[in-house]
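# Structure assessment
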Amino acid sequence: MDANEILEYCLSKKGVTESFPFDNETLVLKVGTKVFLLMGLERQPLGINVKTDPEWSAELREQHPQITGAYHMNKTHWNSVVIDGLKKDLILKMIDQSYELVFKSLTKKVKEEILNS
């Protein structure tokens, strides 16, 4: 997968916005007001940071050397993922889980606004 495919997939989800709050190369994707994915556009090989269930995070890190605890983030919940060498299905599954975990943490009001938009 490349950056455009990841971006398109994320933007197809309800309530997702994109921004560059840190610099011109770190794309931040949010659902509501909360981050669910970061992507370094200039980074080679391409990498993303996603939130995953802590048990699954440990399993992923054991099985895939491309997946490590995310730098500058809570390493129990966030993973840095180097896209090269990983199957598309796995990448999409991690993105889906990140979105769902963050969406669940939103207030009831914000969730309703997103679902009704």
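Before reading further, recall that the structure is shown in the block above.
Okay, so let's go over this structure. (Residues numbered from 1 in each chain as written. Predicted model: local features only at pLDDT ≥ 70, side-chain atom pairs only at ≥ 80, totals over all residues. Heavy atoms only, no water.)

### Considering the sheet that holds strand 1 (residues 16-19)
Operational definition: Strands are labelled as partners when DSSP assigns at least two bridges between them. Starting at the N terminus, helices and strands are each numbered in turn, a helix being any DSSP run of H or I of at least four residues and a strand any DSSP run of E of at least two. Where helices are involved, their axes are fitted lines through C-alpha atoms of the stretch in contact, as for all axes, and angles between N-to-C directions lie from 0 to 180°. By the convention used here, residues are in contact when the closest approach between their heavy atoms is within 4.5 Å.
Spatial ordering of the open sheet is given by 1-2-3-4-6-5, a layout of six strands whose pairing is antiparallel. The open sheet has two edge strands, strand 1 and strand 5 (67-69), and neither has a second partner. On average, adjacent strands in this sheet sit at an angle of 25° to one another, irrespective of strand direction. Two strands pair when backbone bridges link them, and strand 5 and strand 6 (residues 78-82) are joined in this way by three bridges, in the antiparallel orientation. Bridge pairing in strand 6 links Thr 68 to Ser 80. Against the sheet, helix 1 (residues 3-11) touches strand 1, strand 2 (26-31), strand 3 (34-40) and strand 4 (47-51), its axis set at about 165° to strand 3. Running over the sheet, helix 3 (residues 88-105) touches strand 1, strand 2, strand 3, strand 4, strand 5 and strand 6 and is turned about 40° from strand 4.

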